[in-house]
Amino acid sequence: MDLPLESVPNFSEGRDRDTIEALRAALGRSAHVLDVHTDVDHNRSVFTLVADDDALIEALVAGVADARERIDLRTHEGAHPCIGAADVVPIVALERSEAERARACALSLAERIGGELELPVFLYGESAPGRGPAFYRRGGPPELQRRIDAGELTPDFGPKRLDERAGGVIVGARRPLIAFNVNLETNDVEVARSIAAVVREKGGGFPGVRALGLALPSIGRVQVSMNVEDYEAAALHEIVARIGEEALTRGTRIAGAELVGLMPAAAALAAAGSALQIDGFNPSHVLELRLLELARL
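Figured I'd write up the structure that's included with this text. (Residues numbered from 1 in each chain as written. Predicted model: local features only at pLDDT ≥ 70, side-chain atom pairs only at ≥ 80, totals over all residues. Heavy atoms only, no water.)

1. Points about the overall build of the chain
Helix and strand counts for the chain come out as nine helices and eleven strands. Relative to its length of 297 residues, the chain is compact, with a C-alpha radius of gyration of 19 Å against a globular reference of 19 Å. Expressed along its principal axes, the backbone C-alpha trace of the chain runs to roughly 55 × 55 × 35 Å. When each of the 297 residues of the chain is scored for burial, the buried share is 47%. Within the chain, counting contacts between residues at least 6 apart in sequence, those at least 24 apart form 72% of the total. Taken as two groups, the 32 positive and 45 negative side-chain charges of the chain have centres that lie 4 Å from each other. (Helix = DSSP H or I, 4+ residues; strand = E, 2+ residues; numbered from the N terminus. Rg over C-alpha atoms; globule rule 2.2 N^0.38 Å. Buried < 20%, exposed > 50% of the residue type's maximum accessible area, 1.4 Å probe, protein only. Contact = heavy atoms within 4.5 Å. Lys, Arg positive; Asp, Glu negative; His and termini not counted. Charge placed at Lys NZ, Arg CZ, Asp CG, Glu CD.)

2. A look at the packing of helix α1 (residues 17–28) against helix α2 (residues 53–70)
Contact pair α1 / α2: the axes reach a minimum separation of 8 Å and the direction vectors enclose 155°. One finds that α1 runs roughly antiparallel with respect to α2. Classified by chirality, the crossing of α2 by α1 is right-handed. Between α1 and α2, the residues in contact are Thr19, Ala22, Leu23, Ala26 and Leu27 and Ala59, Leu60, Ala62, Gly63, Asp66, Ala67 and Arg70, respectively. Counted by class, the contact of α1 with α2 contains eight nonpolar, two polar and two charged residues. (Axes fitted to C-alpha atoms, helices over the stretch in contact; angles between N-to-C directions. Parallel < 35°, antiparallel > 145°, perpendicular 65-115°, else oblique. Left-handed = near helix turned anticlockwise from the far one by under 90°. Nonpolar A, V, L, I, M, F, W, Y, C, P; charged D, E, K, R; others polar.)

3. Brief notes about the pairing of strand β9 (residues 209–216)
Across eight bridges, the pairing between β9 and strand β10 (residues 221–228) is antiparallel. Of the residues in β10, the one forming a bridge with Leu212 is Ser225. Adjacent in sequence and paired antiparallel, β9 and β10 are bridged by four residues, among which Gly220 carries a positive phi angle near 65°. (Pairing = 2+ DSSP bridges.)

4. As for the environment of Tyr136
Relative to the helices and strands, Tyr136 resides in helix α4 (residues 133–137). Among the residues examined, Tyr136 registers a relative accessible area of 1% and is labelled buried. Dropping the residues within four chain positions of it, Tyr136 is found in contact with Ile83, Phe122, Leu123, Tyr124, Arg131, Leu144, Arg147, Leu153, Asp156 and Ile170. Reaching out from Tyr136, the side chain makes a polar contact with the backbone oxygen of Leu123 at a distance of 2.6 Å. (Polar contact = N/O pair within 3.5 Å; in protein donor to acceptor, adjacent residues only side chain to side chain.)

5. A look at the sheet that holds β9
Pairing is antiparallel across the open sheet formed by four strands, whose spatial order is β9-β10-β8-β11. With one partner strand each, in any of the chains shown, β9 and β11 (254–260) form the two edges of the open sheet. Looking at each pair of strands side by side, their axes are set apart by 20° on average, direction ignored. With respect to the sheet, helix α6 (residues 189–199) is in contact with β8 (178–184), β9 and β10, its orientation differing from that of β9 by roughly 175°. Those strands touched by helix α7 (residues 236–249) are β8, β9, β10 and β11, and its axis lies near 25° from that of β8.

6. Section: the packing of aromatic side chains
Using the criterion set out here, one finds three aromatic pairs in the structure. Put simply, the rings of Phe122, Phe135 and Tyr136 touch in pairs and so form one group of aromatic residues. A cation sits over an aromatic face here: Arg147 above Phe135, 4.8 Å from the ring centre. (Phe/Tyr/Trp six-rings, centres within 6.5 Å; stacked < 30°, edge-to-face > 60°. Lys NZ or Arg CZ within 6 Å of the ring centre and 35° of its normal.)

7. Regarding the pairing of strand β4 (residues 44–51)
For β4, the tally of buried residues reaches eight of eight residues, placing the bulk of the element in the interior. Judged by which residues are buried, β4 turns out to be covered on both faces: Arg44, Val46, Thr48 and Val50 on one side and Ser45, Phe47, Leu49 and Ala51 on the other are all buried. As paired strands, strand β1 (residues 5–7) and β4 are joined by three bridges and run antiparallel to one another. Note that in β4 the partner of Leu5 across the bridge is Ala51. Alignment of strand β2 (residues 10–11) against β4, held across two bridges, turns out to be antiparallel.

Below, the structure written as structure tokens:
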């Protein structure tokens, strides 16, 4: 049984249900949409879909084309930084041995978005080592266009000018990651930002963790918003425990956590093994995962 490739495109719309459903329909014509996560404060929707290589590319080109027509960054407001209507489109190999396949798929996708849709495309992740989405997002679309005009960087595909409405698109192959948010019982965004600085890798925190502190006006709280890029090196339950400790020192507590999209079973199992205090607990102890292994033989 050959595994499909996965994609987790992030679109800069989390409030208009018609647009979100239209994006789901566009993506679903060629791929299996497994999950849709929307956030009104981030004003962002994250779709999880799987398909074989060619079908996945067709689905994503259709989704980006739909986003280009429906989402106008000139009127966009949201807590999450972005540079495009279809802000970031990762291609994910579900097994490490398929990494080259994912990289080839990402390049084909980037070329089609740049050529057919005439949107500037910027590569990241394993398609452009050393460059993550934050490299392009800092300062938003105006700063990105200034850097292009100044010759500091050039789109990898497509025109050298951001689309007036749709901006640009960040595309690349990457490993599976976990998008994971922890909300705090305070409305002081500086508390979330200070905790994010402690847990992110760049600040000496957990390896492979990218973190931002964001305000959530709709519920009067703040959030530590994270991408956990190596869930084996940085276990979720350990990250949550550290955030809880840091929150207490700042006079607040964790209000809850949310998963954005889907997560690998191994990450959930690590947390379960810790909570249950089972020595040596790993995926080989889970019946359904063993059955899936047999199905692939």
